[in-house]
Every structure is written in structure tokens, then in C-alpha cells.
Amino acid sequence: MAGQFAAYQNEIYLQGLGGAVPPFTTEPNALEQSARDRLGPGPFWYVAGGAGSGATVRANRDAFDRVQIVPRMLTNATERHLGVNVLGTELPAPVMLAPVGVQSILHPDGELATARAAAELGVPMVLSTASSHTIEEVAEASGDGPRWYQLYWPNDPDVCASLLERAKKAGYTALVVTLDTWTLAWRPHDLDQSYLPFLRGVGTAIPFSDPVFRAGLEKSPEEDLPMAILRWVQLFTGTDKSWDQLAFLREHWDGPIVLKGIQHPDDARKAVESGMDGIVVSNHGGRQVDGAVGSLDALPGIVEAVGEQVDVLFDSGIRTGADIVKALALGAKAVMVGRPFAYGLAHGGQVGVRHVLRSLLADFDLTLGLSGHRSPAELGPDALRFS
């Protein structure tokens, strides 16, 4: 429909007639700075920081800056349809909320606020294994909203199977397996603050509520938190997996499986050969490998390799509607947005997340139309110029 999301712009201007302005900024860089002013250095840099020198964080944004949209005129773009289907999930727009852990460090409601805002707009939320709330609690907050589950792959197969069973039972329809964070990268901002929320028992709600995980403890997390944290560390960090182990996930998950963290075309091909249903081109927002390729730079080669066989999603660096247009034009079926909604959460819980999402979707809707396109399907490399 015409201006489905762009209507937020008119809403803001009309409210201005009564002297009202948006509760939070609509400008991404200002939003980040405002979040920094509101948060302590530990929580802020846990979200904003990157690995090493931050070169990959910068590379993600530099990659977008090297790509320019070439608008076309008189294309009858008044009426636009933004909806897409990704792995059986009907989306009102090609946008999803990336898995972001430990959201309670940003707002007490954490993932519950995010789930409610996402459901309100029909945007899928991908719940992180490192959630501050349980699988079931977030599902309840999501209501009828679409939801996917992200797995940090534990070393204990029984715990892994239990988490997957809980997610299926709670209505999560797709599994997103993060491959690039089997151990933490060198993150100077977090190290300088000695800040790792998990060691304080924050972001551990899902394993600590899991019956199989709890059965492996001599005492419950409520009785002996340090020992529960130690077992969590042993299960969820320090061990890389191999391609042949994906068969275990397929055995225990009968819905779509998406591999997140793919940056090389050969790995994308291996994902297809392993029977995966989708991939997320992502470098974890620059948080894992310093000096790595920008995610947008990696996207075209991966789309060329497997784009006709699986759904290719994009993550790492999305800030504006123009960014979404560029990623879709280079072959992504949909994008995941992370830090911006996290900053919105820090500003106002559900209201903050909703504002950031509505702003991003309005920006995308308007940019899509003003560049001469009526739907995501019309976007291709010919809509861009490369500098």
C-alpha cells in the first residue's frame, strides 16, 4: 500500500502542529550518542564496541559509503508493496531484529520490551540464547508475532537438544545458528571495564532455566551462582564445531535452519551442501574478527554462489533506509538490524524500540519509492553505482 510505513513521517509532522516532537531522535548517529549519554560505559560499549582496533566496525560502514543509489524518475512508485516471504515467514518489510543478547543491561524489560515492539509491527525478532529472559517468557511477550530462535551452540548435546525442543514448543519457527562466536574475540572496550555480563549471571536466563542444564549442577543457580556460571562458560565458549555436526541440529529441528556468520562463498556453498535453508552474511557487527571484510563487500560473491538455492540474509552495519535498499539491491532477501534497536531500547524500552523501528521502516519506504522502485523485488545491482 502507499506509504504503509512512510506514514510515520506525516504523524511526526502533524504532531508538531501541537508542539510535540519525537521522544527520541530519528538520526542514527545522534541516537548512538544519546544512548552513550544514558548508559554507563560497561553496557554502552558492550553494544557499541568491536573487536581489536574496531577496523571491522568501520569497514562495515565504509562498505555502504562506497555504494551509491542511482534514483530513477517517473516510475509510478506512489503505490509500494514492501512485503517479502523469508523461509516461510511473511514479513511486512524485509527487516528483522538481529539477535542481541543481555538486553536487560540496556533496560529492565530487556527482550520482553523488544518482543512486544516487534510483534506490534509484525517484524520478526530473533531471540538470542544469551537472553536476559527465558525462551517461554519472550514467546509470551511476542504473542502472535513472528519469532525465530538464535542458537549459541552448547558443547553438551543433551542441553542443545533441550533448548531446541523448548524453542519449537514455544512457537519459534526458524533456527539461526551463530557460527562466528564460539569464543569471545579480543574486545578492548569490554576488557578495559572488566565487563562481561555473563560472569554476573546476566544473559543466562535460558540455560539457567533449562531442566537438562540444571540437572548437571550439584546445586541450582539460585543456590550456587558461581558454579552455574562456570558450567555455562564451559558449555558455551571455547569449542569450535565442524560441518558434519550440522546433522545433529537437523535431527533435532524440523523447521528452517539458517547459518549466521558466513563471509566466504565457499562456506556458503558448504552450507547448501549440508542441507541448510538460509545463511546470514554477517561479521557479528565487527565484534569478532578485527580487520575482517565488510559484510556488504562480502554479500555479492555469496549471492552469486548460492542466492538461487537458499535465502541469503544480511547483517552488520544497517543504520538507515538507504542501507536496506543497498543490501537488497546486492541480493539480500532481508536484513537484520541490531545496534539501532538496542539504542532505542536504552532510551525507552518498548516505546524506544518501536520508535527506532518505525523510523527505519519509514526511511526505507520513502527511499525505496524516491529511488524509483515499488517493491524490494524491483531492486538489483543496476540501481547502484560503485565508487
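Residues numbered from 1 in each chain as written. Predicted model: local features only at pLDDT ≥ 70, side-chain atom pairs only at ≥ 80, totals over all residues. Heavy atoms only, no water.

Caption draft 1: Structural context of the packing of helix H5 (residues 110–121) against helix H6 (residues 135–142). Where H5 meets H6, the closest approach of the two axes is 8 Å, and the angle between their N-to-C directions is 30 degrees. You can see that H5 and H6 cross each other, and the crossing is right-handed. On H6, the residues touching Glu 111, Leu 112, Ala 115, Arg 116 and Ala 119 of H5 are Glu 137, Val 138, Ala 141 and Ser 142. Within the contact of H5 with H6, the residues separate by chemical class into five nonpolar, one polar and three charged. (Axes fitted to C-alpha atoms, helices over the stretch in contact; angles between N-to-C directions. Helix = DSSP H or I, 4+ residues; strand = E, 2+ residues; numbered from the N terminus. Left-handed = near helix turned anticlockwise from the far one by under 90°. Contact = heavy atoms within 4.5 Å. Nonpolar A, V, L, I, M, F, W, Y, C, P; charged D, E, K, R; others polar.)

Caption draft 2: Geometry of the pattern of salt bridges. Across all of its chains, the model carries 15 salt bridges by this definition. Where Arg 214 meets Glu 222, a salt bridge forms, and the shortest distance between an N and an O atom there is 3.0 Å. Across the salt bridge formed by Arg 250 and Asp 277, the nearest N and O atoms sit 2.8 Å from each other. Here Asp 277 lies in the loop between helix H13 (265–273) and strand E9 (278–281) and Arg 250 lies in helix H12 (residues 246–252), a separation of 27 residues in the sequence. A single network of salt bridges, built from pairs that share partners, joins Glu 136, Arg 166 and Asp 210. (Salt bridge = Lys/Arg side-chain N within 4 Å of Asp/Glu carboxyl O.)

Caption draft 3: Quick look at the environment of Thr 367. Looking at the secondary structure, you find Thr 367 in helix H16 (residues 339–370). Its relative accessible area of 18% is what places Thr 367 among the buried residues. In this structure, the C-alpha to C-alpha distance between Thr 367 and Leu 235, residues 132 residues apart in sequence, is 44 Å. Ignoring sequence-local partners within four residues, the contact set of Thr 367 consists of Ile 69, Gly 321, Ala 322 and Val 325. (Buried < 20%, exposed > 50% of the residue type's maximum accessible area, 1.4 Å probe, protein only.)

Caption draft 4: Helix H3 (residues 41–48), seen in detail. Counting buried positions along H3 gives seven out of eight residues, so the element sits mostly inside the fold. Of all the residues in H3, the buried ones are Gly 42, Pro 43, Phe 44, Trp 45, Tyr 46, Val 47 and Ala 48. Residues of H3 that are buried sit in contact with helix H2 (28–38), helix H8 (188–192) and H16.

Caption draft 5: Geometry of the environment of Phe 248. With respect to the helices and strands, Phe 248 occurs in helix H12. Sequence separation between Phe 248 and Ala 161 is 87 residues; the distance between their C-alpha atoms is 8.8 Å. In contact with Phe 248, not counting residues within four places along its chain, are Pro 157, Cys 160 and Ala 161.

Caption draft 6: Representation of the pairing of strand E8 (residues 257–262). Within E8, six of the six residues are buried, leaving the element largely enclosed by the surrounding structure. Alignment of strand E7 (residues 175–178) against E8, held across four bridges, turns out to be parallel. Across the sheet, residue Leu 175 finds its bridge partner in E8, namely Ile 257. Here E8 runs beside E9; their pairing, made up of four bridges, is parallel. What sits directly across from Leu 259, in E9, is Ile 279. (Pairing = 2+ DSSP bridges.)

Caption draft 7: Up close: the packing of H2 against H3. Axis separation between H2 and H3 bottoms out at 8 Å; the angle between their running directions is 150 degrees. With respect to H3, the axis of H2 lies roughly antiparallel. Counted together, Glu 32, Ala 35 and Arg 36 of H2 and Phe 44, Trp 45 and Ala 48 of H3 form the full contact between these two elements. Partitioning the contact of H2 with H3 into residue classes produces four nonpolar, no polar and two charged. (Parallel < 35°, antiparallel > 145°, perpendicular 65-115°, else oblique.)

Caption draft 8: Quick peek at the nonpolar core. Counting residues in each nonpolar core, the largest one holds 104 residues, and the members touching the most others are Tyr 149 and Tyr 172. Of the residues forming this core, the biggest block, 12 residues, is contributed by H16. Contacts of Tyr 172, omitting those with residues within four sequence positions, involve Leu 127, Ile 135, Val 138, Ala 139, Arg 147, Trp 148, Tyr 149, Ala 167 and Trp 253. Grouped together as the second largest cluster of nonpolar side chains are 15 residues, Leu 91, Met 96, Val 280 and Leu 313 included. (Core = buried A, V, L, I, M, F, W, Y, C linked by side-chain atoms within 4.5 Å.)

Caption draft 9: Representation of the packing of aromatic side chains. Summed over the entire model, instances satisfying the criterion amount to nine aromatic pairs. Ring centres of Tyr 46 and Phe 198 lie 6.4 Å apart, and the angle between their planes is 75 degrees; this geometry places the pair in the edge-to-face category. A residue pair is termed long-range when its members are at least 10 positions apart, and Tyr 46 in helix H3 and Phe 198 in the loop between H8 and helix H9 (205–208) qualify at 152 residues. Both residues of the pair, Tyr 46 and Phe 198, belong to the buried class. With a centroid separation of 5.8 Å and 20 degrees between ring planes, the pair formed by Trp 232 and Phe 236 is classed as stacked. (Phe/Tyr/Trp six-rings, centres within 6.5 Å; stacked < 30°, edge-to-face > 60°.)

Caption draft 10: Inspection of the pairing of E9 at higher detail. Side chains of E9 alternate between two faces, with Gly 278 and Val 280 and Ile 279 and Val 281 buried alike. Handedness of the β-α-β unit built from E8, H13 and E9 comes out right-handed. Where E9 meets strand E10 (residues 311–315), four bridges bridge the pair, whose relative direction is parallel. Residue pairing in the sheet places Gly 278 in a bridge with Asp 311 of E10. Once the chain exits E9 it traverses helix H14 (residues 295–306) before rejoining the sheet at E10, and the crossover so formed is right-handed. (Right-handed = clockwise from strand over helix to strand, strands pointing away.)

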